[in-house]
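For reference, the chains in residue letters:
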Amino acid sequence: MINHYIYDGSFDGLLNAIYKAYYTPDKPDKILSYEKREDNFLVKEILIDTDAKKAKKVYEAIDKKISPAALRKIYYAYLSEIDGIEMDILNFVRLGFKIGTDIELNLANEAVFKIESIYNKVSHERHRMTGLIRFKELKNNILYAEISPDYNLVGIIAPHFIKRLSNENFIIHDKKRNISVFYNKKEWIVREIKGDLNIIFNEKEEDYQNLWKMYFKSISIKEKFNPKLQRSNMPKKYWKYLIEKGG
Amino acid sequence: MDVLDKLRILSDAAKYDVSCSSSGSGRKNKKGGIGSASINGICHSWSDDGRCISLLKILMTNYCIYDCAYCVNRSSNDLERATLTPDEIVDLTINFYRRNYIEGLFLSSAIIKSPNHTMELILNVVKRLREVEGFNGYIHTKAIPHADKRIIDEIGLYVDRMSINIELPSENGLKLLAPNKTKKSILTPMGNIRNRIVETREEKKKFKYANSFVPGGQSTQLIVGATEDNDLKILKLSEGLYDGYNLKRVYYSAYVPVAKSPNLPVLDSPPVIRENRLYQADWLLRFYKFKADELLDENMPNFDLSLDPKCNWALRNIGIFPVEINRADYNTLLRVPGIGVKSARRIVAARKFGPLNYDNLKKLNIVLKRAKYFITCNGKYYGMSSMNPEKIRKKLIYGLDRNIFEKQLSLWEMGGFNDKSLHI
Ligand code: SF4
């Protein structure tokens, strides 16, 4: 029999799966979110309850016994939504409980290296998005941005924008996952969005977009034209929402 | 004239200033204010020439009383001119910032009426951004040669970075091409800024609430290829600026022929590869503890355009190599071509858990294309049959210039060449 742990897809759920892997004899061969479960005759599915207390225990154990940095890396790896990442996370945690803080240096280990490189990819896209997000001003002065990143990162970019736009209302809408961050000058939440939003732009919005397009065009040095370099720094997949690139 | 036209003219005029960085300052947002700076800087777009766009980089005006031969804004040039008002600059900055187009403002200017008058106008803009708008994003302004210490000292309290461009790497060059400027008119304000930065840092240690002055440091720009100055001279100048003037960055700009003058060289295209080599060497000075004299000397005063400065240095010092990856200390690892700061750190960390072999290095994402000729792993050499610098050189150049090869291949596929003419 092959054991599949099935969790609800949340980070807390995943922490519960880790908890279970420690305290029951039925060790998992795969950990899958409910959405990704595989129907298979040979599989024994073990459903994981999402218990906030147990999640907190695992969370704190990783934070204290391994390191806050390790916790961050695990969280970013989880946000990557890459198939099979849950088992890598479990293996990373297992090793981490054995060797402690030093785990991050042990890059020759496969699980460590995998978590490290996925963490780097997610952080890289997060950093990119801090620059590439474009807000448009709506009629009621709310700033609204659309994105469709590879990784599920609205929750980890929100704090960056809250710091700088603390005095604005804004929405960052992940069109790929249909979720949005809402910020109202005080608090922020991440919510699922169903259906289309009714969007009316501010009357000045187009002027600023035109100014930006003009700026983008005239700041480039024609004699040094280098579209290849441009694309390697700013891959085409991000152009869809870039005003200066026709988005 | 409307703002759109002004923006077109004044950003076009600012485009040759290559500094675009928004790094070095961790300015925080204040209550009710807008914006903050990111210590590592953030790029918001990349223009068609592949350069990072981080700041709204504009001239306040392109009317100029000076007549520098290499510059489009020189007074004798027949050119569409414009001036942005402080209101317009403030509005553009804030609204571009809110939409996340930019990290902040880089305000430069040609010289209108007098250096001091120009600096007063710049002061007006930055003061309003900080005090009226509560703007805490990044601000970089130009300091203008001949400007008074008094004004520079005041502007420095509001901005994150100041730069005064040297442009021409020698006094002779200045005489020939920028007769209104002198070495002294550039180096004096640069020295003032350095001194104020050092003083305020000391004050800040004593009084927590002392004002900071140009927390992101100062930078400058050198034009490459408008004068006869060789790479050794340019790199020595940079080294002096880093050591003596505490500069954060020196930027290099391949000269783009914008004017005809008997004192200017005739170029088909800007010397961009040379510019790139200077950036690589500059990097070696700042992060790899190289000295200018190690990279170039009177017998070889210019960089090899076909191979990067670090590879070149390694080949000329082939006796030091190969180094053993499991024993070499951090600084020695840094000198291996292809091994950068990140890779060196990774190696030092990972080998604590046991000796590394060649496959381990690959797993650590160490790029071995260049490094393999200069290292051993557990005593084994993976480069060639012998360490012959001439042979390694050929391998490196061929290996690194693949792009050119591929480009020609793709031209060929498109029917640009017939197969007989392709002899590489
Ligand atoms: S002073 Fe500056 S803007 Fe004026 S001509 Fe000289 S380089 Fe150009």
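Residues numbered from 1 in each chain as written. Chains lettered and ligands numbered in written order. Predicted model: local features only at pLDDT ≥ 70, side-chain atom pairs only at ≥ 80, totals over all residues. Heavy atoms only, no water.

Naming follows an unreviewed UniProt entry, where chain B appears as Putative DNA modification/repair radical SAM protein of Senegalia massiliensis.

Novice: Describe the packing of helix H2 (residues 52–66) of chain A against helix H4 (residues 85–99) of chain A, listing the residues and the values that go with them.
Specialist: All names here are of chain A. It is the contact of H2 with H4, at a shortest axis distance of 9 Å, that shows an interaxial angle of 45°. Classed by the angle they form, the pair H2 and H4 counts as oblique. In the packing of H2 onto H4, the handedness of the crossing is left-handed. Across the interface between the two elements, Ala61, Ile62, Lys65 and Ile66 of H2 pack against Val93, Gly96 and Phe97 of H4. (Axes fitted to C-alpha atoms, helices over the stretch in contact; angles between N-to-C directions. Helix = DSSP H or I, 4+ residues; strand = E, 2+ residues; numbered from the N terminus. Parallel < 35°, antiparallel > 145°, perpendicular 65-115°, else oblique. Left-handed = near helix turned anticlockwise from the far one by under 90°. Contact = heavy atoms within 4.5 Å.)

Novice: Give me the site of the ligand: which residues, what numbers.
Specialist: Around the ligand sit Cys64, Tyr66, Cys68, Tyr70, Cys71, Asn73, Arg74, Ala110, Ile111 and Lys181 of chain B, and that is every residue in its neighbourhood. Grouping the amino acids of the shell around the ligand by side-chain chemistry returns 7 nonpolar, 1 polar and 2 charged. (Near = heavy atom within 4 Å. Nonpolar A, V, L, I, M, F, W, Y, C, P; charged D, E, K, R; others polar.)

Novice: Any details on the environment of lysine 362 of chain B? Residues and values, ideally.
Specialist: Following the sequence through the fold, lysine 362 of chain B ends up in helix H13 (residues 358–363). For the pair lysine 362 of chain B and leucine 307 of chain B, spaced 55 residues apart in the sequence, the C-alpha separation amounts to 24 Å.

Novice: Explain a nonpolar patch on the surface to me, and be specific about the residues and the numbers.
Specialist: Residues and elements named next belong to chain A. A contiguous nonpolar patch, built from Ile2, Phe41 and Leu42 and spanning about 360 Å² of accessible area, is present on the exposed surface. Relative to the elements of secondary structure, isoleucine 2 occurs in strand E1 (residues 2–7). Given a relative accessible area of 34%, isoleucine 2 falls into the partly exposed group. (Patch = residues over 30% accessible without salt bridge, like charges linked within 9 Å, V, L, I, M, F, W, Y side chains within 5 Å. Areas by Shrake-Rupley, 256 points an atom, 1.4 Å probe, with all protein chains shown as cover. Salt bridge = Lys/Arg side-chain N within 4 Å of Asp/Glu carboxyl O. Buried < 20%, exposed > 50% of the residue type's maximum accessible area, 1.4 Å probe, protein only.)

Novice: Before we move on, could you go through the pairing of strand E7 (residues 218–224) of chain B and cite the residues and values that matter?
Specialist: Residue and element names in this part refer to chain B. Most of E7 is tucked away: 7 of the 7 residues are buried. Along E7, one buried face is formed by Gln218, Thr220, Leu222 and Val224 and the opposite face, lined by Ser219, Gln221 and Ile223, is buried too. Note that strand E6 (residues 161–163) and E7 share 2 bridges and pair parallel. From the neighbouring strand, serine 163 faces E7, where its bridge partner is serine 219. By the bridge criterion, 6 bridges tie E7 to strand E8 (residues 249–254) in an arrangement that is parallel. From the neighbouring strand, isoleucine 223 faces E8, where its bridge partner is serine 253. Once you follow E7 into helix H7 (residues 231–245) and on to E8, the crossover reads as right-handed. (Pairing = 2+ DSSP bridges. Right-handed = clockwise from strand over helix to strand, strands pointing away.)

Novice: Could you give an account of the sheet that holds strand E2 (residues 30–33) of chain A, with specific residues and numbers?
Specialist: All names here are of chain A. With parallel pairing, the 3 strands of this open sheet are ordered in space as E2-E1-E3. Single-partner strands in this sheet number two, and they are E2 and strand E3 (43–47). Between one strand axis and the next, the sheet turns by 30° as a mean value, whatever way the strands run. Across 5 bridges, E1 lies against E3 in parallel orientation. For isoleucine 6, the partnering residue across the bridge sits in E3 and is leucine 47.

Novice: Requested: an account of the UniProt feature "domain: Radical SAM core" (unreviewed entry) in chain B, with residues and values cited.
Specialist: In this numbering, the UniProt entry assigns the feature "domain: Radical SAM core" (unreviewed entry) to residues 59–188 of chain B. A distance of 23 Å separates the end C-alpha atoms of residues 59–188 of chain B, which is 39% helix and 11% strand. (UniProt positions renumbered as here; feature names shortened; annotations may be inferred.)

Novice: Account for the domain arrangement of chain B, with residues named and values stated.
Specialist: Residue and element names in this part refer to chain B. Segmenting chain B into domains produces domain 1 (3–22 + 39–295) and domain 2 (309–400). Averaged C-alpha coordinates put domain 1 and domain 2 at centres separated by 38 Å. In this complex, domain 1 contributes 10 residues to the contact, which on the side of domain 2 involves 10 residues. Taken over both partners, the interface formed by domain 1 and domain 2 buries close to 870 Å², and the fraction arising from carbon and sulfur atoms is 60%. Ranking the residues of domain 1 by area buried against domain 2 places Tyr288, Phe290 and Glu294 at the top, with a combined share of 54%. At the boundary of domain 1 with domain 2, the tally comes to 1 salt bridge. Notably, a salt bridge pairs glutamate 294 with arginine 335, separated by 2.8 Å at the nearest N-O pair. Linking domain 1 with domain 2 are 4 residue pairs in polar contact (both at pLDDT 80 or more). (Domains from an automatic or database assignment. Buried area = accessible area lost by both parts, 1.4 Å probe. Polar contact = N/O pair within 3.5 Å; in protein donor to acceptor, adjacent residues only side chain to side chain.)

Novice: So what's going on with the interface of chain B and chain A? Residues and values would help.
Specialist: It is common to give the size of an interface as the accessible area lost on bringing the parts into contact. Listed as interface residues are 57 residues of chain B and, on the opposing side, 52 residues of chain A. A per-residue breakdown of the area chain B buries against chain A is headed by Asp48, Arg98 and Arg99 of chain B, which together make up 16% of the total. Between arginine 99 of chain B and glutamate 205 of chain A there is a salt bridge whose closest N-O contact spans 2.9 Å. Linking chain B with chain A are 32 residue pairs in polar contact (both at pLDDT 80 or more). When contributions to the side of chain B that touches chain A are tallied by element, the ones reaching two or more residues are helix H1 (3–12), strand E1 (45–46), strand E3 (55–59), helix H2 (86–98), E8, helix H8 (272–287) and helix H12 (341–350) of chain B.

Novice: I'd love a proper account of the pattern of salt bridges, names of residues and values included.
Specialist: Taken as a whole, this structure holds 40 salt bridges over all chains when the rule is applied. Here aspartate 49 of chain B makes a salt bridge to arginine 51 of chain B, at a shortest N to O gap of 3.3 Å. The residues aspartate 49 of chain B and arginine 51 of chain B share a single accessibility class, namely buried. Measuring nitrogen to oxygen at the nearest pair gives 2.4 Å for the salt bridge that ties aspartate 304 of chain B to arginine 393 of chain B. Linking aspartate 304 of chain B in the loop between helix H9 (292–295) and helix H10 (309–316) with arginine 393 of chain B in helix H15 (residues 389–400), this pair joins segments that are 89 residues apart in sequence. Classification of arginine 393 of chain B by relative accessible area gives buried; the value is 19%. Three or more residues joined by partner-sharing salt bridges are found here, namely Glu137, Glu168 and Glu205 of chain A together with Arg98 and Arg99 of chain B.

Novice: Give me the packing of aromatic side chains: which residues, what numbers.
Specialist: All names here are of chain A. Applying the stated rule across the entire model yields 20 aromatic pairs over all chains. Ring centres 4.9 Å apart and planes at 70° place the aromatic pair phenylalanine 11 and tyrosine 75 in the edge-to-face group. With phenylalanine 11 in helix H1 (residues 11–23) and tyrosine 75 in helix H3 (residues 68–79), the pair connects residues that are 64 residues apart, well separated along the chain. Overall, the relative accessible area of 12% leaves phenylalanine 11 in the buried class. The partly exposed category is assigned to tyrosine 75, whose relative accessible area is 30%. Geometrically, the ring pair formed by phenylalanine 135 and phenylalanine 161 is edge-to-face, given 5.5 Å between the ring centres and 85° between the ring planes. (Phe/Tyr/Trp six-rings, centres within 6.5 Å; stacked < 30°, edge-to-face > 60°.)

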